[in-house]
Each structure stands twice: as structure tokens, then as C-alpha cells.
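Per-entry structural report
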Amino acid sequence: EFLRVAQERGIKVVAIEDFHASHRRLGDLKSDCLLVVDEYAARLAVEDGYNRNRIAVVGNAAISITAPAESVIEDVALQRHIYGNVYVFVSGGTFADLALIVECMKESKGGCLVPRLHPKLVMEVIPGSSVTYGKRWRRILSPLGDRVVAISGTTEDVVKVADGTFSGFSLVMNTAVW
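What counts and how
Residues numbered from 1 in each chain as written. Predicted model: local features only at pLDDT ≥ 70, side-chain atom pairs only at ≥ 80, totals over all residues. Heavy atoms only, no water. Phe/Tyr/Trp six-rings, centres within 6.5 Å; stacked < 30°, edge-to-face > 60°. Helix = DSSP H or I, 4+ residues; strand = E, 2+ residues; numbered from the N terminus. Buried < 20%, exposed > 50% of the residue type's maximum accessible area, 1.4 Å probe, protein only. Salt bridge = Lys/Arg side-chain N within 4 Å of Asp/Glu carboxyl O. Axes fitted to C-alpha atoms, helices over the stretch in contact; angles between N-to-C directions. Parallel < 35°, antiparallel > 145°, perpendicular 65-115°, else oblique. Left-handed = near helix turned anticlockwise from the far one by under 90°. Contact = heavy atoms within 4.5 Å. Nonpolar A, V, L, I, M, F, W, Y, C, P; charged D, E, K, R; others polar. Pairing = 2+ DSSP bridges.

Things to note about the packing of aromatic side chains
Following the criterion strictly, the structure yields 4 aromatic pairs and no others. For the ring pair tyrosine 87 and phenylalanine 166, a centre distance of 5.6 Å and an interplane angle of 40 degrees mean the geometry is tilted. Placement of the pair is tyrosine 87 in strand β4 (residues 86-90) and phenylalanine 166 in strand β6 (residues 164-167), with a sequence separation of 79 residues. The exposure class of phenylalanine 166 is partly exposed, given its relative accessible area of 29%. Relative to tryptophan 137, the ring of phenylalanine 95 has its centre 6.4 Å away and its plane inclined at 50 degrees; by these criteria the two rings are tilted. Here the residue phenylalanine 95 occupies a position in the loop between β4 and α4 (96-108), and tryptophan 137 occupies one in helix α5 (residues 133-141), the gap between them amounting to 42 residues. The class for phenylalanine 95 is buried, based on a relative accessible area of 16%. Grouping aromatic residues by their ring pairs yields a cluster made of Phe95, Tyr133 and Trp137.

Topic: the pattern of salt bridges
Here the structure, examined in full by the defined rule, presents 6 salt bridges. Notably, a salt bridge pairs lysine 12 with aspartate 32, separated by 3.9 Å at the nearest N-O pair. On the criterion of sequence distance, the pair formed by lysine 12 in the loop between α1 (2-8) and β1 (14-16) and aspartate 32 in the loop between β1 and β2 (33-36) is long-range, its members being 20 residues apart. Here aspartate 32 falls in the partly exposed class, since its relative accessible area comes to 21%. We note a salt bridge from aspartate 157 to lysine 160, for which the minimum N-O separation is 3.8 Å. Linking aspartate 157 with lysine 160, this pair stays in helix α6 (residues 155-161), spanning 3 residues, or about one helical turn.

A closer look at unusual backbone geometry
If you check the backbone angles, alanine 21 has positive phi at about 60 degrees while not being a glycine. Residue alanine 21 is classed as buried on the basis of its relative accessible area, which comes to 12%.

Looking at the packing of α4 against α5
Relative orientation of the contacting elements α4 and α5 amounts to 20 degrees, with a least axis distance of 9 Å. Between α4 and α5, the interaxial angle falls into the category roughly parallel. Crossing of α4 over α5 shows right-handed handedness. Facing α4, whose interface residues are Leu98, Ala99 and Val102, α5 presents Trp137, Ile140 and Leu141. Class assignment of the residues belonging to the contact of α4 with α5 gives a composition of 6 nonpolar, no polar and no charged.

Thoughts on the sheet that holds β2
Here we have 3 strands laid out as an open sheet, ordered β1-β2-β3, and parallel in their pairing. On the outer flanks of this sheet lie β1 and β3 (55-57), each paired with one strand and no other. The sheet shows a mean angle of 20 degrees between the axes of neighbouring strands, direction not considered. Here 3 bridges tie β2 to β3, and the two strands are oriented parallel to one another. Directly across from leucine 35, in β3, lies its bridge partner alanine 56. The strands touched by helix α2 (residues 39-47) within the sheet are β2 and β3, with β3 carrying the most contacts at an inclination of about 165 degrees.

Let's talk about the pairing of strand β5 (residues 112-116)
The buried fraction of β5 is high, at 4 of 5 residues. The pairing of β4 with β5 spans 5 bridges and is classified as parallel. Residue pairing across strands places valine 88 opposite valine 114, the latter belonging to β5.

Shown next as C-alpha cells:
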């Protein structure tokens, strides 16, 4: 809707993709300039009718390449000293993946899990239920007891320092790999 209104008013629009072909969410509308993550994304945009001269390959703007905060480094080091490996779980609304991680961690007897549950969903009620996502996630995590730990700081900083990151289709995985 924003793009349509901007075009009606003659306002130039630059769209920034965070995944391949995310410009398709705009429907038939085209931004005046499209910033994409790589050449493959540029080819997809051209196939979808974008003028190649109005596409710039800029990399993934979601990858944070700054050094993690010292406090996060220290917190993760402390948890690593206590539990061994430190794993981060980043969620966007699923339960089966978290339940599988918990089952695997119960069998391993080592490591701790830092849940970074989606902040927009924690207080949201699950459709068809009276329970919030946050309450359901906490119930799934409960078998791990004190192996579920909180580390303050940004999710991006925590995944940079952790030993492993579990996530679905999320930009945070780009940072974890970086």
C-alpha cells in the first residue's frame, strides 16, 4: 500500500530485499530502485520485470558485522564454563522444532539453551487457544530446567558468540554463519 501511495504522489521508492525474490511481496508494483543481496537475486528481479539498470547488488543488510558487546562475550563465557556449549534458539512461531531441540538436549546432558523467542509473539494468544506463544514455549522448555538461560544483549550479538544457533528461515542465521 505504501508503494502504491508513493507512486501516486510521485515519490521515488527504493526497496531493499532481505531474501531472494522478496520483491514479489510488492505484487505487480515495482520500486524505482531495488537493492538485492546478490547476483542471483538480481536475475530473479529481472525475470520478474525489473530493469537491470535499476537494480544494485549490495549484499545482505541484515548481517551485523560489528563486534559483539563485551558483556555478551562475558555472559556467554560464563555459561560455557558452567554448561559447556551454549546454543541459541531463535523462534518465529513454531513448536515442533523447539520440542525436538529440547528432546535432543535432554539426551545429550550437556550444554545450555538461550531462547530468543520472537518478541512480537511472546504475548500473542495462539489462534484457537487461550494460551500465549510465550507460555507454550516456556512449557516446552521446562524439561531443561536450569539449562535454559537468559543472556542480555541483542540476539545478533548472542548468536555471534554462541557455539550453535537453531532457527528456521530467519535472517539471524546469516549473522550466525558470518
